[in-house]
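Given next are the chains, with one letter for each unit.
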Amino acid sequence: MKNKISTLPLAVSRKIVLAGLCGGMLAAAPNAFSANWLMLQGTEKPGIAPPVKLWGFIQPTYQKDFSSAYNGKYVPPKLIGPNLDTQSSFNIMRARIGVRGAPFSLDDKINYFVLTEFGDNAMTDGGRYGSYRPVVTDASVTLNYIKGARVRLGLFKYPGAEEGLAGLAGLNYINYTDVTNQMLLERFPDAGDKNIPPQSTPDANMNAFSKPATGFRDVGVQVFDAFDVGKWEHTYAVMLGNGSGVQLSDGNASKDVYLYWSSAYLFDKKNKGPMSPSVKMFSWYQSGKRTNAYNTTQEQDRKRYGAGVTYLKKPYRVTAEYMWGKGMIYQGANNPQTMFNDYKANGGYIEGGWFIPNTKWELDLRYDRYQRNVDLPTQTRFSTWTAGVQYHFTPKTRVTLDYAARHYSSDAVAQNNQLQDVGGRLALQVTAVF
Amino acid sequence: MIRFRQKIVITALLLGLMGTAPSVMANPAAEPVSQAVQDKPFAVARVALQISDGSGEKQQLVLNVANNLIKFYGADKVDVEVVAFGAGLRLLFKDNALGDQIQSLASEGVRFSACGNTIDAMAKKLGHPPELAPEARIVPAGIVRLVELNKAGFFVSRP
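In short, a report on the structure.

Residues and elements named next belong to chain B. Within helix α5 (residues 116–126), burial applies to G116, T118, I119, M122, A123 and L126. Take α5 and look down its axis: the buried residues cluster within an arc of 150 degrees, on one side only. Residues K124 and K125 are exposed on α5 and point more than 90 degrees away from its buried face. Lining the buried residues of α5 we find β3 (111–115) and β4 (136–139). Positioned one or two residues after α5, G127 has a phi angle of 90 degrees, which is positive.

Quick look at the structure:
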């Protein structure tokens, strides 16, 4: 039987082939996810999610600190982490590989997400007392059976501040702000972790924490969902967790409570990628208890809460966030025994980006401030201006150059002596996503 | 009176439970090919697109091709039917993330046919037939539909 294809006019056949080729090119464009991090990280796209998607990213980094020693001795802010044994270092800040997907294609209401960290950072390297060891950063299952109440169980990023919750596409600077690094990125001292005073270079191995930092994650259960109302997208999350970060054990019987709400106005509902043009307002709250590592009969409340706004409409991006904390205020890597306290802290940041039109260049500027031990004789202030430039080779590969000018001071004379000479820091990083 | 209230509460609970269970609404059968072609009497090209792969990339590709055909010829000048069978039936699942694009193409006259044999096979695995997008029309067998479309002058393509 003669094939009907041959009965089509040649011009028509050409047009069909042309349409097919164009379609193929369009399909090769990267899939767009919503900039809603809870949905992006916790769910897969129904009907099209693969059973297994291998993915990850690598971030080789170089940093140079220009701070001066005080009386020939150094404190952690003047050294490059996580090892804190030098003022300039090459490092693999993050090297993550994982799988995610919907294992049963006929009923893809069950999603999973697994990610491991092989980079050298506060989650994998305990410095002096610990040693490098890769960690599982995420291992979660999401059940999407109840409309309006998706359930995510396991280890994953808890709902919270934008800087901690954001995925890789939302990290426009190499280092976190001081408020995020000190007040939110929780460290867990061990009873064996001892106070280490300022050290002379090059032997200042001052990272006192033998347990992994949280990485803004927890083991628990989260109920969440997002709702479209016209051009608005509203999202909520309620979570209960151990309050122990990526450690797979619980420190006490109390559970941490996490609450989150965001409302985003989408300028273009069809563009829901990480660069989706939108204005998002959000607020969050966390509360839990921590056990004193040095006296396990004592427990301490730990509270954190904040609010912020993001704006993105190329060529401009603006983010502002402010947050408060009470209890378990970080006193520095060299002071693990003073982590257990009932002090107050607060801080925030405002940052902006300009995507230079018709180029692959992006300019960034951020100001952040943080004050800890508020209203105490040891009140300490941290403020930083960070100027950055990014060059996007492709949407998945970029190079980032940051320079941070830091101004630290303390009402406590001994601390102020150590902090007043904290100076600039240069950082260069390549990000490659696969 | 108390019994009456109890009945109302139990009925409400049952209705609530039913709300969380998949509600299976059968989609209508597709028109025979001879009848379907009359929807586009001025078509200068007729194209049947096969989707038998469940991957998101292939699903997006098929929709892009359909969209490009519409853009190139104009909605009245091209007759496009997407035939989904095997794993490709995922494209026509009710909650598919590409549902908006399917709806938009259907409004331009693109037809979406779902293979009845595949639905039966999936129903055995799931315990119930899969819920399909409202744009889907059931055909007895996807491959037979493609043969019939080809016999009627359709260019059959598997992007």
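Back to the write-up after that little detour.
This part takes up unusual backbone geometry. Residues and elements named next belong to chain A. Put simply, G81 and P82 share a cis peptide bond, and its omega is 5 degrees. With an omega of 15 degrees, the peptide bond between K314 and P315 qualifies as cis. Structurally, P315 is set in the loop between β10 (299–313) and β11 (316–326). A positive phi is found at N71, a non-glycine position, where the angle reads about 55 degrees. Relative to the helices and strands, N71 resides in the loop between β1 (53–65) and β2 (88–101). You can call N71 exposed: its relative accessible area is 67%. With phi around 60 degrees, F216 is a residue other than glycine that occupies positive phi space. If you trace the backbone, F216 turns up in the loop between α4 (178–184) and β6 (217–229). Taking relative accessible area as the criterion, F216 reaches 4% and is therefore assigned buried.

Residue and element names in this part refer to chain A. Checked against the element boundaries, Q390 lands in strand β14 (residues 380–394). Given a relative accessible area of 0%, Q390 falls into the buried group. Of the polar contacts made by the side chain of Q390, one reaches the backbone oxygen of N172; its length is 3.4 Å. When neighbours within four sequence positions are excluded, Q390 is seen to be in contact with N172, K360, W361, E362, D364, R398, V399 and T400.

Calculation criteria
Residues numbered from 1 in each chain as written. Chains lettered and ligands numbered in written order. Predicted model: local features only at pLDDT ≥ 70, side-chain atom pairs only at ≥ 80, totals over all residues. Heavy atoms only, no water. Buried < 20%, exposed > 50% of the residue type's maximum accessible area, 1.4 Å probe, protein only. Helix = DSSP H or I, 4+ residues; strand = E, 2+ residues; numbered from the N terminus. Arc of directions from axis to C-beta. Contact = heavy atoms within 4.5 Å. Polar contact = N/O pair within 3.5 Å; in protein donor to acceptor, adjacent residues only side chain to side chain.

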